[in-house]
Amino acid sequence: MLAGSALVLLAAAAYMALLFAIASFGDRRAAAGRSLIDSSVVYALSLAVYCTSWTFYGSVGRAASSGLDFLPIYLGPTLVFCLGWVLLSRILRVSKAHRITSIADLLASRFGKSGAVAGLVTIIAVIGSVPYIALQLKAVSTSLKVLLEHQGGLGVEAVDGTSVLRDTELWVAGVLALFAILFGTRKIDASERHEGIVAAIAFESIVKLVSFVAVGLFAGLVLFDGFGDIFARAAARPELSQLFDFGRPSASIDWIALTFLAMAAIVCLPRQFQVMVVENVDPRHLDRALWLFPAYLIAINLFVVPIALAGLLSVPAGTDPDTLVLALPLGSGYGKLALLAFLGGLSAAASMVIVETVALSTMICNDLAVPMLLRLGWLGPDTRPVLLGIRRGAIALVVLLGFAYVRIVRESYGLVSIGLVSFAAVAQFFPAIIFGLFWRRASRLGVLTGISAGFLVWAYTLLLPSFASAGWLPRELFEQGAFGFSVLRPSALFGLDGLDPVTHGLVWSMLLNIAGIVGVSLFVDQSALERSQAALFVDYWRGAGHEEGRLWRGTAQVADLVQLVGRFLGEAQTREAFAAEARGRGRDPSALAAEAETVRLAERLLAGAIGSASARVMVASVVHEEPIGTEELMRILDETSQAIEYSRRLEQQSRTLEATTAELRRANERLRELDRLKDDFVSTVSHELRTPLTSIRSFSEILLDNPALEQQQRQEFLRIIVKESERLTRLTNDMLDLAKIEAGKLEWHMERVSASEVAREAAAALGQLFRDKSVKLEVEVPDGVPTTIADRDRLFQVVVNLLSNAVKFSPRDAGLVTLAVETDSDGVRLSVADNGPGIAPTDRDAIFERFRQVGDTLTAKPEGSGLGLAISRMIVEHFGGRAWVEDAPGGGAIFRVWLPHESAAPSAADAQPRPRK
Amino acid sequence: MPQEARRRDRLVGLFALGLVLFNPPVLRLFAGATLFGWPLLFVYLFCAWAALTAMVALTVERRRRRSPVEKD
């Protein structure tokens, strides 16, 4: 019969062997170019490295003691993933563009490729992560212990397991470190991706989910009569039902603080950054992970509360709540299930330790060791073995630190408390990342200040108390405050009392952190490099990435660059990268010049291997960079403003074009209107001509057909024919005049003319007409009216037109027409008033148009051609005057003509007689 | 890409919704009560969580279906 401890250890060993196999298979597939992890599902599963043994065992423990308080740790990431396209994909793409390989590298690169920032972040990350790694080791050994203590449940013979247990943590630490070293530091590569590890992590995520869900279903369906049964029985016990009433005084603020802490952690934890950014194969995988990862979190948390309640209900009091996941199946004799649960917890712990140590080793190597070696000048020609050695050492060191921590602080803190303290440490990077990505002015000095301040407060309020409780530091510090000042008590700094220690530490550290970043950034100027890096990160979406080369000028030899990069990446790989770059730019690889882009390429390649800060120092050693002078900056500025000017001009031109188009459209409409008017005119003229012609023709035919017609009648008919012929002649003359005036072909005999004289002559000439119609004509023409420049005959024609028009509309026998001439300051006004029906205001313009006769033309036979007024107005306007119509004082209409004085005549050219043709 | 931008805004809207859904004053509304014997707060939290995730999935996946070849 197999010993219980042997069975457990065998299972654990077999499981680890399986992990090694998967990882090595993943690496082989990657080398063959058929990636195992090029899928959004695998990506989401690898993100689930977030769920460590802390989730697996600790959540149940926390739920057993304080209800739903464990949930904010998973709600926070869900919220952050809602911001996936705003925040995460931005980090992802920026990091890909700059070959960023760790969170320290990201912050260093953003804040002017600062080695100080990189170093500080690395130190904090290591200090913050060690307790967390310790937590994993402790969880594995604790779970193993529980399993062995309950050997009866495994159905095997009990043996004394303490000898095995004593060294469990060391063994676990050793195996995990070996795994991380084997698959995490295989080679130095510009991309720092480890496909084998990711494949193993994804597999472990499945194992931990399946085993946890199995325990949950077992608790609900086997141990109890459904989940409702668990809740019902729990409700019967007051100490359990109060877990759901959200009753603690600081429950709200703790909830918010934990949510915030988790939001920061999912972005800032070194291992999360490793799987989310560095190991990402394709940024598009993030899209599906935005909901797959939260869905995973829901699934793994769904059974936490039922397991906790079931445990509290069925396991004897005094059991460590952090081990309920194991104790539950063990206590009821389901040893195999307990073994599965143990493997789930082992997966959770293993994946965390592996990824975290790999991420930390990259940071320690690139951001602490390499800068130090550079300063000391200890880097040989081929640095790869050195770098690999440093990384392997770093992994071993971190795991060893975790092991040491577990030995020292053993038992004093619950799993969740250690985890939260760790979260609070890395959360110190969160403000720097947010400000760094969205606020261009966030500066290196501000970030150094903020992170240092936040970290110191964290150490004082959260780390020291854990040491104090372990007996490392005097307990008085914790109880009375430093130097005996009670305001400095670590758990109630400045008297802020009544909060959970983690909330308390988070509030103070974040306050100082953010204040440091914002305050210092507002008052300290950035260097040129910081400014250009800030622009690259903050304005990434605007395509600022393509402008990188413009703000650089210097001299370098390509051979130097190749040799330099080759020292870190290997000669062949480097030459290939440079050749690919040359091909990408359409150049011959041998003709690649050491211009800005080439230097950037070298720096990018190096950044992938040793981090951006170190890469910058290395490249600077072979490149003589010239600072960009004011002139150069002005030139760049100039080009920009020129582009702005061009676009402004372009806009202006397009506006002008629009205006021209509108004008053309209007002109076109006017042309159509004129065309229509011409057609109207032709048809009207034809009509006007046909009327007299018809009557002439019909009377002529009567005369021709009836030779025996009476003499008197014959005379009458002939008179009509003559009259109609005259009308026809008049009409034709008028039309000829009109056409001539319009075409500008009329001959004008311009001379000095007295309007009074012309008026008197016209009155005299029409005297007979007035007498015939019994219309009285009054002439009020004074002497001494100034002369005007006009064509006498045409002016005469105008007056005659107006008078005959007036007589036409005056009532027979009672008609009275007044012809008057007056002078005003700059001209002569000639008016003809009648006492006829008058003209409606709406028609006053129309009557000056051709063939427009006011009144009902159907019943009243029109007299005159209908062209008189149109011709008159044209003539008057030719003389520089105006013609219009008004209401006469005693009813009727008054037509007025105004002509300028001789001195005010329009222009010399018009006033001169035109040469006769 | 207005379509892209609209989806991105929708996700930010879901983030705001999440902030509201998981806020202590809202949670207090459900604390202490039960639904068919289940603690109401427990039921509410997981339902809200699942609904939020489902809405994220709908937003993200619709985009995927419409444009299988993404350019950015």
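Each chain carries its own residue numbering, running from 1 in the written order of its sequence. Chains carry letters and ligands carry numbers; both start at the beginning, A for chains and 1 for ligands, and go up in the order they are written. Only residues with pLDDT of at least 70 are given local features in this predicted model, and only at 80 or more are side-chain atom pairs given and counted; all residues enter the totals for whole chains, interfaces and linings.

1. Considering the overall build of chain B
The numbering of helices and of strands both runs from the N terminus, where a helix is a DSSP run of H or I of at least 4 residues and a strand a run of E of at least 2. A count of helices and strands for chain B gives three helices and two strands. In chain B, the order of α-helices and β-strands from amino to carboxyl end is α-α-β-β-α. Working definition of burial: number of other C-beta atoms within 10 Å of the residue's own, with buried at 20 or more, exposed at 12 or fewer, and partly exposed in between, all C-beta atoms being placed from the backbone. Counting only residues that meet the buried cut, chain B has 21% of its 72 residues in that class.

2. Concerning the overall build of chain A
A count of helical and extended segments in chain A gives 37 helices and nine strands. A buried classification covers 46% of the 917 residues belonging to chain A.

3. A short note on helix α7 (residues 115–149) of chain A
With 35 residues, α7 of chain A should cover 51 Å at 1.5 Å per step; its first-to-last C-alpha distance of 50 Å lies within 8% of that length. For α7 of chain A, the buried fraction is high: 29 of the 35 residues fall into the buried class. Multiply 1.5 Å by the residue count of a helix minus one, and that product is the helix's expected span.

4. Here's the deal with the interface of chain A and chain B
Residue-level contacts link 32 residues of chain A with 31 residues of chain B. The greatest single-element share of the side of chain A that touches chain B, amounting to eight residues, is contributed by helix α16 (residues 285–302) of chain A. All amino acids are sorted into three groups, where Ala, Val, Leu, Ile, Met, Phe, Trp, Tyr, Cys and Pro are nonpolar, Asp, Glu, Lys and Arg are charged, and the leftover types, Gly among them, are polar. Class assignment of the residues belonging to the side of chain A that touches chain B gives a composition of 23 nonpolar, five polar and four charged. Once C-beta atoms are placed from the backbone, any two residues with those atoms within 7 Å are in contact.

5. Description of the environment of Val26 of chain B
All names here are of chain B. For Val26, the location among the structural elements is in helix α2 (residues 24–30). The exposure class assigned to Val26 is partly exposed, which follows from the 13 C-beta atoms found within 10 Å. Not counting chain neighbours up to four residues away, the residues in contact with Val26 comprise Val20 and Leu21.

6. Notes on the confidence of the model for chain B
Residues and elements named next belong to chain B. Taken residue by residue, chain B gives an average pLDDT of 79. The fraction at 70 or more is 83%. Predictor confidence is given residue by residue as pLDDT, running from a minimum of 0 to a maximum of 100. Mean pLDDT across the secondary structure elements of chain B bottoms out at strand β1 (residues 34–35), with 74, and peaks at helix α1 (residues 2–21), with 84. Confidence drops under a pLDDT of 50 for residues 66–72, and excluding neighbours within four residues, the segment shows one contact in the predicted structure. Interface predicted TM-score (ipTM) for the complex: 0.88; the corresponding pTM is 0.65.

7. Regarding the nonpolar core
Residues and elements named next belong to chain A. Working definition: the nonpolar core is a set of buried Ala, Val, Leu, Ile, Met, Phe, Trp, Tyr and Cys residues, joined through C-beta atoms within 7 Å. Leu107, Val121, Leu261, Cys268, Ile307, Ala424 and Leu606 are the most contacted members of the largest nonpolar core, which has 231 residues in total. Looking at this core, the element that brings in the most residues is helix α19 (residues 335–376), giving 24 residues. Both of domain 1 (4–401) and domain 2 (552–628) provide at least three residues apiece to this core. Beyond its immediate stretch of four places on either side in the chain, Cys268 contacts Ile103, Val426, Ala427, Phe429, Phe430 and Ile433. Counting residues in each nonpolar core, the second largest holds 41 residues, with Leu802, Ala870, Ile871 and Phe895 among its members. Domain delimitation follows an automatic or database domain assignment.

8. Observations concerning the confidence of the model for chain A
All names here are of chain A. Overall, the predicted model of chain A reaches an average pLDDT of 80, with 85% of residues at or above 70. Segment residues 152–163: pLDDT under 50, and 25 contacts once partners within four positions in sequence are set aside and those in other chains are kept. Confidence drops under a pLDDT of 50 for residues 905–917, and excluding neighbours within four residues, the segment shows 15 contacts in the predicted structure.

9. Focus on unusual backbone geometry
With the exception of glycine, most residues fall at negative phi, and the peptide bonds are largely trans. Residue and element names in this part refer to chain A. Phi angles above zero are rare outside glycine, and Arg99 is one such case at about 55°. Within the fold, Arg99 resides in the loop between α5 (84–97) and α6 (103–110). The exposure class assigned to Arg99 is buried, which follows from the 22 C-beta atoms found within 10 Å. One non-glycine residue, Ser774, lies in positive phi territory at about 55°. Mapped onto the secondary structure, Ser774 falls in the loop between α34 (767–773) and β4 (776–780). Given 12 C-beta atoms within a 10 Å radius, Ser774 is considered exposed.

10. Focus: the sheet that holds β4 of chain A
All names here are of chain A. Only strands that DSSP links by at least two bridges are regarded as paired with each other. Within the open sheet, the five strands sit side by side as β4-β6-β7-β9-β8. Their pairing is mixed. Each edge of the open sheet is held by one strand with a lone partner, namely β4 and β8 (882–887). Adjacent strand axes in the sheet meet at a mean angle of 15°, parallel and antiparallel pairs treated alike. Bridging between β4 and strand β6 (residues 816–824) involves five bridges; their strand directions are parallel. Within β6, the residue paired with Glu780 across the bridge is Ala820. The axes are straight lines fitted to the C-alpha atoms, using for helices just the contacting stretch, and the angles between their N-to-C directions are given from 0 to 180°.

11. A few points about the pairing of strand β7 (residues 827–833) of chain A
All names here are of chain A. Of all the seven residues making up β7, five are buried; the element is thus mostly covered by neighbouring parts of the structure. Here β6 pairs with β7 via seven bridges, running antiparallel. Of the residues in β7, the one forming a bridge with Thr823 is Val828. Between β6 and the antiparallel strand that follows it, β7, lie two residues.

12. Structural notes on the pairing of strand β5 (residues 788–791) of chain A
All names here are of chain A. Here β5 shows a buried face lined by Thr788 and Ala790 and a second buried face lined by Ile789 and Asp791. Across four bridges, the pairing between strand β3 (residues 750–753) and β5 is antiparallel. Residue pairing for β5: Glu751 is matched across the bridge by Ala790.

13. Overview of the packing of helix α27 (residues 558–569) of chain A against helix α29 (residues 596–610) of chain A
All names here are of chain A. Relative to each other, α27 and α29 sit at 10°, their axes nearing to 10 Å. Considering the angle they form, α27 stands roughly parallel to α29. Seen from α27, the contacting residues are Val558, Leu561, Leu564, Val565, Phe568 and Leu569; seen from α29, they are Thr598, Val599, Ala602, Leu605, Leu606, Ala609 and Ile610. Tallied by class, residues from the contact of α27 with α29 come to twelve nonpolar, one polar and no charged. Working rule for angles: under 35 degrees goes down as roughly parallel, over 145 as roughly antiparallel, 65 to 115 as roughly perpendicular, anything else as oblique.

14. A look at the environment of Gly345 of chain A
Residues and elements named next belong to chain A. Among the structural elements, Gly345 can be located in helix α19. Sequence separation of Gly345 and Trp54 is 291 residues, and the distance between their C-alpha atoms is 8.9 Å. If sequence neighbours within four positions are ignored, Gly345 has contacts with Ser53, Phe56, Tyr57, Ala139, Ser143 and Val325.

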